Amino acid sequence: MHYSGLSLVKQALTGNRGWTRAWRNPDPKKQYDVIIIGGGGHGLATAYYLAKLHGITNVAVLEKGYVGGGNTGRNTTIIRSNYMLNANSQFYEHSMKLWEGLSQDLNYNVMFSQRGILNLIHTDAQRDAFARRGNAMLLNGVDAVMHDAEGVKKLMPHLDFSQNTRFPIQGGLAQPRGGTARHDAVAWGYARGADQLGVDIIQQCEVTGIKRDGDKVLGVETSRGFIGAGQVGVAVAGNSSKVFDMVGMKLPIESHVLQAFVTEGIKPLVDTVCTFGAGHFYISQSDKGGLVFGGDLDGYNTYAQRGNLPTFNHVVAGGVTMMPCLSRLRVLRQWGGVMDMSMDGSPIIGKTAIDNLYMNGGWCYGGFKATPGSGWVFADTIANDKPHNLNKDFTLERFREGYPLDENGAGASPNAH
Amino acid sequence: MLRIECPWCGVRNEDEFSYGGDATLERPSDDDSIEAWSRFVHTRKNPAGKHTEHWQHVNGCRAWIVVERNTLTHEIYSTAPASPILPAGKKSTRGLNT
């Protein structure tokens, strides 16, 4: 069913009884050309682009829970492409361009809102670093604007601009094309789009093993029986280590929990995404009025989708320092998502040591904004059995070979990026 | 809130500690292969379940300790001083005073 103004009017006049399911609920077939493990945004986007751009429609997406129930539904929905290193900058900008046409492409409103993102500057050294990043962005064709404190005040008037605070605001680096989107709609839109092109989306189907014959994968063992596959793509960030353990592969990844929080709904206050530069805090406002914010990882290995109180205290302290008017708001909801923290802070997308097994993971806490680009390059990699130019640097081998994509210059560390 | 028992100071809140990661990694010898070194620096078991890990009681006695903790439930099974984790007869290769 095509969604349009006309379909809305037609349904309104007929009592809204004609809406159909957005996607089917098929039983798994015995064999597929391609199986994607993981029915989050990345896996669904991969299936969608495999069918749409590469004509590969005999595809199943296997999801252990429900579509978009993992990190796709557990983030702060921020979208940006303000990276410095070429590989990251070009990949995330490609993703940004896909975001800009996504609602039309999917015929599904993902509520992409380019309200901009603003990174605050508090020290001279930080201004130098941000100017360098901004210039690198401009050279890669990405939009970037440097603001002084007056410029920041126009964008975010209710920040603490006093000179008495420990790290006064000196300015900010903005990417006006950044913004937010409705995270669930992204998963649903890709699921519907892939389904319409013939992809089977199979929920409540947990992969429990990967069957191999030497260096070739034959298919996957699941909670609903064995399913054969010509190629298998894994897009399960948060649980990559668990899935690759099934084939005896160890990854440069630790799983950590990142918390996010939403306040009670208030009138419009924050009309951009804003990040604190003297601590780790980021905030935006949802269309329902709740302020959505987050900060640091809890900092220890965990697969539990919940965090602890010390991190909450730390995040809120940062937020209230940046924006004192937050102090009397009540937090309504809090959740945790399990992050694939890679050793250099950048993702891993490409081939593995096993011929027809492909990896898409290591997204750290930046996977949501990458969803369209990630699916796009992963589909291309699977269809052509070689990485696309945009993901050729995101290999597993880069760590051993000494070519990490360490945006922060923090060294080999899973929780410092 | 994790409640971690420091072997020297007793049970304390997690915010007195800082996390040091997987405690089962063994440092290769200086002339070991690139592969061995890359495994040590980059690769982690990252188990879902029991994990043996280092913590430092950084806002307390500053000692490093080894904690066995469940990464699914956050249950802590045991804590011990960090030094005896080395197999018997094996000399520590960490730090300058070896």
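Up top is the structure.
Predicted model, so just to flag it, every value in this text is computed and none were measured.

Looking now at the overall build of chain B. Helix and strand content of chain B: one helix and six strands. Buried residues in chain B amount to 35% of all 98 residues. Within chain B, counting contacts between residues at least 6 apart in sequence, those at least 24 apart form 43% of the total. Taken as a whole, chain B presents about 5700 Å² of accessible surface, with 50% of it coming from carbon and sulfur.

In this section: the overall build of chain A. When its secondary structure is counted, chain A shows 11 helices and 18 strands. C-alpha extents for chain A along the principal axes are approximately 65 × 65 × 40 Å. Expressed as a percentage of the 417 residues in chain A, the buried residues total 57%. Taking as baseline every contact in chain A between residues at least 6 positions apart, the subset at least 24 positions apart corresponds to 74%. Carbon and sulfur atoms make up 51% of the accessible area of chain A, which amounts to about 17000 Å² in all.

Interface size is commonly expressed as the accessible surface area that is lost when the partners come together. Across the contact, 23 residues belong to chain B and 24 residues belong to chain A. Regarding the contact of chain B and chain A, the summed buried area is about 2000 Å², with carbon and sulfur atoms giving 55% of it. Across the contact surface, chain B and chain A share two salt bridges. Between chain B and chain A we count 16 residue pairs in polar contact (both at pLDDT 80 or more) in total. Of all the secondary-structure elements, those providing two or more residues to the side of chain B that touches chain A are helix 1 (34-42) and strand 4 (50-56) of chain B. With five residues, the top contributor of residues to the side of chain B that touches chain A is helix 1 of chain B. A breakdown of the residues in the side of chain B that touches chain A according to their chemical character gives nine nonpolar, eight polar and six charged.

Residues and elements named next belong to chain A. With 15 residues, helix 3 (residues 86-100) extends 21 Å between its outermost C-alpha atoms, agreeing within 8% with the 21 Å of an ideal straight helix rising 1.5 Å per residue. Across the 15 residues of helix 3, 11 count as buried, placing the element largely inside the fold. All of the buried residues in helix 3 are Ala87, Asn88, Ser89, Phe91, Tyr92, Glu93, His94, Ser95, Met96, Leu98 and Trp99.

How two helices sit against one another is set out by the angle between their axes and by the gap between those axes. All names here are of chain A. It is the contact of helix 7 (residues 183-196) with helix 10 (residues 367-384), at a shortest axis distance of 11 Å, that shows an interaxial angle of 20°. Between helix 7 and helix 10, the crossing angle belongs to the class labelled roughly parallel. Between helix 7 and helix 10 the crossing geometry is left-handed. Here His183, Val186 and Tyr190 of helix 7 come into contact with helix 10, specifically with Phe368, Thr371 and Pro372.

Moving on, we get to the nonpolar core. Within the largest apolar cluster, 49 residues are counted, with the highest numbers of intra-cluster contacts made by A:Tyr49, A:Trp99 and A:Tyr190. Contributions of two or more residues to this core are made by strand 1 (31-37), helix 2 (41-54), strand 2 (59-62), helix 3, helix 4 (102-106), helix 7 and helix 10 of chain A.

Here the focus is a nonpolar patch on the surface. Residue and element names in this part refer to chain A. Judged by side-chain polarity, Met1, Leu8 and Trp19 come together as a nonpolar surface patch covering roughly 290 Å² of accessible area. By the element assignment, methionine 1 lies in the segment before helix 1 (5-13). Judged by relative accessible area, methionine 1 falls into the partly exposed class, the value being 39%.

Once that is clear, we can look at the environment of A:Asp148. Residues and elements named next belong to chain A. Note that aspartate 148 resides in strand 5 (residues 145-148). Placed 25 residues apart in sequence, aspartate 148 and leucine 173 show a C-alpha to C-alpha distance of 8.9 Å. Not counting residues within four places of it along the chain, the set of residues in contact with aspartate 148 comprises Gln170 and Gly171. Polar contacts involving the side chain of aspartate 148 include one to the main-chain amide nitrogen of glycine 151, which spans 2.9 Å.

Right, let's get into the packing of aromatic side chains. Residues and elements named next belong to chain A. Within this structure, the stated rule accounts for 18 aromatic pairs over all chains. A ring pair is formed by tyrosine 48 and tyrosine 190, whose centres lie 5.5 Å apart and whose planes are at 65°; its orientation type is edge-to-face. One end of the pair, tyrosine 48, is in helix 2; the other, tyrosine 190, is in helix 7, with 142 residues separating them in the sequence. The class for tyrosine 48 is buried, based on a relative accessible area of 4%. You can call tyrosine 190 buried: its relative accessible area is 0%.

Turning our attention to the sheet that holds strand 3 (residues 18-22) of chain B. Residue and element names in this part refer to chain B. Read across the sheet, four strands follow the order 3-4-5-6 without closing on themselves; strand pairing throughout is antiparallel. Each end of this open sheet is capped by a strand with a single partner; those strands are strand 3 and strand 6 (76-81). Sheet twist, expressed as the mean angle between neighbouring strand axes with direction ignored, is 30°. Pairing of strand 4 with strand 5 (residues 64-70) involves seven bridges; the strand directions are antiparallel. In the strand pairing of strand 5, glutamate 53 is matched with valine 67.

To continue, consider the sheet that holds strand 15 (residues 290-301) of chain A. Residue and element names in this part refer to chain A. Strand order across the open sheet formed by eight strands is 5-6-4-13-14-15-12-16, with mixed pairing between neighbours. Two strands lie at the open edges of the sheet, namely strand 5 and strand 16 (331-342), each paired on one side alone. Averaged over neighbouring strand pairs, the angle between their axes works out to 25° when direction is ignored. In the sheet, strand 4 (residues 117-121) pairs with strand 6 (residues 171-175) via five bridges, with the strands oriented antiparallel. The residue of strand 6 that forms the bridge with isoleucine 121 is glycine 171. Sitting on the sheet, helix 5 (residues 124-139) is in contact with strand 4, strand 5 and strand 6, with an inclination near 150° to strand 4.

Further remarks concern the layout of surface pockets. Residues and elements named next belong to chain A. Approximately 620 Å³ is the volume attributed to the second largest pocket. Taken together, 26 residues line the second largest pocket, and the ones lying closest to its centre are His183, Ser286, Lys288, Val292 and Arg333. Contributions of two or more residues to the lining of the second largest pocket are made by helix 7, strand 12 (253-265), strand 14 (281-285), strand 15 and strand 16. Partitioned by chemical class, the residues of the lining of the second largest pocket number six nonpolar, 12 polar and eight charged.

What counts as what
- Residues numbered from 1 in each chain as written.
- Chains lettered and ligands numbered in written order.
- Predicted model: local features only at pLDDT ≥ 70, side-chain atom pairs only at ≥ 80, totals over all residues.
- Heavy atoms only, no water.
- Helix = DSSP H or I, 4+ residues; strand = E, 2+ residues; numbered from the N terminus.
- Buried < 20%, exposed > 50% of the residue type's maximum accessible area, 1.4 Å probe, protein only.
- Contact = heavy atoms within 4.5 Å.
- Areas by Shrake-Rupley, 256 points an atom, 1.4 Å probe, with all protein chains shown as cover.
- Buried area = accessible area lost by both parts, 1.4 Å probe.
- Salt bridge = Lys/Arg side-chain N within 4 Å of Asp/Glu carboxyl O.
- Polar contact = N/O pair within 3.5 Å; in protein donor to acceptor, adjacent residues only side chain to side chain.
- Nonpolar A, V, L, I, M, F, W, Y, C, P; charged D, E, K, R; others polar.
- Expected span 1.5 Å × (residues − 1).
- Axes fitted to C-alpha atoms, helices over the stretch in contact; angles between N-to-C directions.
- Parallel < 35°, antiparallel > 145°, perpendicular 65-115°, else oblique.
- Left-handed = near helix turned anticlockwise from the far one by under 90°.
- Core = buried A, V, L, I, M, F, W, Y, C linked by side-chain atoms within 4.5 Å.
- Patch = residues over 30% accessible without salt bridge, like charges linked within 9 Å, V, L, I, M, F, W, Y side chains within 5 Å.
- Phe/Tyr/Trp six-rings, centres within 6.5 Å; stacked < 30°, edge-to-face > 60°.
- Pairing = 2+ DSSP bridges.
- 1 Å grid on protein atoms, 1.4 Å probe; cavity = no way out; pocket = protein on both sides within 12 Å on 5 of 7 lines; lining within 4 Å.
- Points joined across faces, edges and corners; volume = space filled by probe spheres on them.

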